[in-house]
Amino acid sequence: MNPMRIFSSFLVPLAAVVFFGCGSNPVWQRQRFGFAIPSDPQSSLSNTNITSLEHLTVLPQFDSRSFTYRTAEDTYEHDPYASFMVSPDRALAQAIRARLRNSGGFGRVLEQGSGMTSSVVVEASVSELDGDFRDPSHPLAAMTIHFIVYQLGLDGPGRVLLDKVCTCRTPLARRTPAAVIAAWDADLSKIMDELNSDYAKANLNDR
């Protein structure tokens, strides 16, 4: 028998065993998930900036629609049954824009493809997006995002307003994909609260 076929056939049940453990009734059906989107943005804006989120990138090992789980220091596995509805960069971009808009501190936040010209640009680089199962007794959801916020002038990028790396790890309520996305939502909310707070405290004189 082809050894590669044996290896490929072994990966799917192995990933399920690593994630769900040895409990009964593992979840075998395919599931798709998305980040929660705030539905009630603030009605008043604290400044008149026009802000755009651009160049959101995800590190290659996490840039998969399948959920990524870290099982050892340098070992990652993709869940064959749990995935994002869209690519992780698109899913995160939509959620981050909504949270920037919801904060009110970034002024008007444009949707992708808007014809308006922004005065402030946010760039984001995701260097960690996984379920961390290195300690089986304490599974976590991990997220790290590097933000650069800068003014945009007539001649291109201008003054850097904020340069910040935000990291968050949230314990999982259960060892299920639904618990992973819920913990990632909690990670993102904490990260965005931190970003919004630091931006507001910077006394940037950009209002």
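Peer 1: For this particular structure, what's the right way to read the overall build of the chain?
Peer 2: Helices and strands together make up the secondary structure of the chain, namely three helices and eight strands. Listed by position from the N terminus, the elements making up the chain come as α-β-β-β-β-α-β-β-β-β-α. Taking all 207 residues of the chain together, 42% fall into the buried category. Within the chain, residue pairs in contact and separated by at least 24 positions form 69% of the contacts whose partners lie at least 6 positions apart.

Peer 1: Is there a simple way to explain the pattern of salt bridges in this structure?
Peer 2: Pairing between side chains of opposite charge can happen when the charged atoms of each approach one another. Under the criterion given, the structure shown has seven salt bridges. Across the pair Glu 73 and Arg 70 runs a salt bridge, and its minimum N-O distance is 3.2 Å. Of the residues examined, Glu 73 reaches a relative accessible area of 49% and is grouped as partly exposed. Assessed through its relative accessible area of 11%, Arg 70 is described here as buried. With its nearest N and O atoms 2.8 Å apart, the salt bridge here joins Arg 169 to Glu 128. Linking Arg 169 in strand E8 (residues 156–171) with Glu 128 in strand E6 (residues 120–132), this pair joins segments that are 41 residues apart in sequence. The partly exposed category is assigned to Arg 169, whose relative accessible area is 38%. Ionic contacts of the salt-bridge type, sharing partners, join the residues Arg 70, Glu 73, Asp 132 and Arg 134 into one network.

Peer 1: Help me understand the environment of Ala 142 in this model?
Peer 2: Structurally, Ala 142 is set in strand E7 (residues 140–153). Classification of Ala 142 by relative accessible area gives buried; the value is 0%. If sequence neighbours within four positions are ignored, Ala 142 has contacts with Glu 128, Leu 129, Asp 130, Cys 168, Arg 169, Trp 184 and Asp 187.

Peer 1: Help me out: how do you make sense of the state of the cysteines in this one?
Peer 2: One way to say it: the disulfide is the covalent bond shared by the sulfur atoms of two cysteines. Considering all chains together, one arrives at zero disulfides under this definition. Its sulfur unpaired, Cys 166 is 9.4 Å from the next cysteine sulfur, which belongs to Cys 168.

Peer 1: Could you clarify how one ought to interpret the packing of helix H2 (residues 88–103) against helix H3 (residues 177–201) in this entry?
Peer 2: When two helices pack together, you describe them by how their axes are tilted relative to each other and by the distance separating the axes. Look at H2 against H3: their axes get within 10 Å of each other, and the N-to-C directions meet at 45°. Taken together, the axis directions place H2 and H3 in an arrangement best described as oblique. Between H2 and H3 lies a crossing of right-handed hand. Residue-level inspection shows Leu 92, Ala 95, Ile 96, Arg 99, Leu 100 and Ser 103 of H2 in contact with H3, the latter providing Asp 185, Leu 188, Ser 189, Met 192, Leu 195 and Asn 196. Of the residues assigned to the contact of H2 with H3, the class counts are seven nonpolar, three polar and two charged.

Peer 1: Is there a simple way to explain the environment of Arg 169 in this structure?
Peer 2: Residues Arg 169 and Leu 188, 19 residues apart in the sequence, show an inter-C-alpha distance of 9.9 Å. Contact partners of Arg 169, with chain neighbours within four places excluded, come to Glu 128, Leu 140, Ala 141, Ala 142 and Asp 187. Within the structure, the side chain of Arg 169 is placed 2.8 Å from the side chain of Glu 128, a separation counted as a polar contact.

Peer 1: Just to check I follow, could you spell out the confidence of the model for the chain for this structure?
Peer 2: Predicted coordinates in regions of low pLDDT should not be interpreted in detail. Counting all residues, the mean pLDDT for the chain is 84, and 80% of those residues have values of 70 or more. Taken element by element, the predicted model of the chain shows its lowest mean pLDDT in helix H1 (residues 3–20) (40) and its highest in E6 (97). In the model, residues 1–15 has pLDDT below 50 throughout and makes seven contacts with residues more than four positions away in sequence or in other chains.

Rules behind the numbers
- One numbering rule holds for all chains: residues counted from 1, following each sequence as written.
- This being a predicted model, a pLDDT of at least 70 is required before a residue's local features are given, and a value of 80 or more before pairs of side-chain atoms are given or counted; all residues contribute to the totals for chains, interfaces and linings.
- No hydrogens and no water enter the side-chain calculation; it runs on all heavy atoms of the structure.
- Numbering of helices and strands runs from the N terminus, with a helix taken as a DSSP run of H or I at least four residues long and a strand as a DSSP run of E at least two residues long.
- Three exposure classes are used, based on accessible area relative to the maximum for each residue type with a 1.4 Å probe and protein chains only: buried under 20%, partly exposed in between, and exposed over 50%.
- For this analysis, residues touch if any pair of their heavy atoms sits within 4.5 Å.
- A side-chain nitrogen of Lys or Arg and a carboxyl oxygen of Asp or Glu constitute a salt bridge if their distance falls within 4 Å.
- For the purposes of this analysis, a disulfide is any pair of cysteine sulfur atoms at a distance within 2.5 Å.
- A fitted line through C-alpha atoms represents every axis, and for helices the fit uses only the stretch in contact; the resulting angles, taken between N-to-C directions, go from 0 to 180 degrees.
- Convention used here: angles under 35 degrees read as roughly parallel, angles over 145 as roughly antiparallel, angles from 65 to 115 as roughly perpendicular, and any remaining angle as oblique.
- If you view the pair so one helix is near and one far, a crossing is left-handed when the near helix is turned anticlockwise from the far one by less than a right angle, and right-handed when it is turned clockwise.
- As a working rule, the residues Ala, Val, Leu, Ile, Met, Phe, Trp, Tyr, Cys and Pro are called nonpolar, Asp, Glu, Lys and Arg charged, and the rest polar, with Gly in that last group.
- Pairing of N or O atoms within 3.5 Å defines a polar contact, subject to two protein rules: one partner must be a possible hydrogen donor and the other a possible acceptor, and residues neighboring in sequence count only if both atoms are side-chain atoms.
- The score called pLDDT rates the predictor's confidence residue by residue, from a low of 0 to a high of 100.

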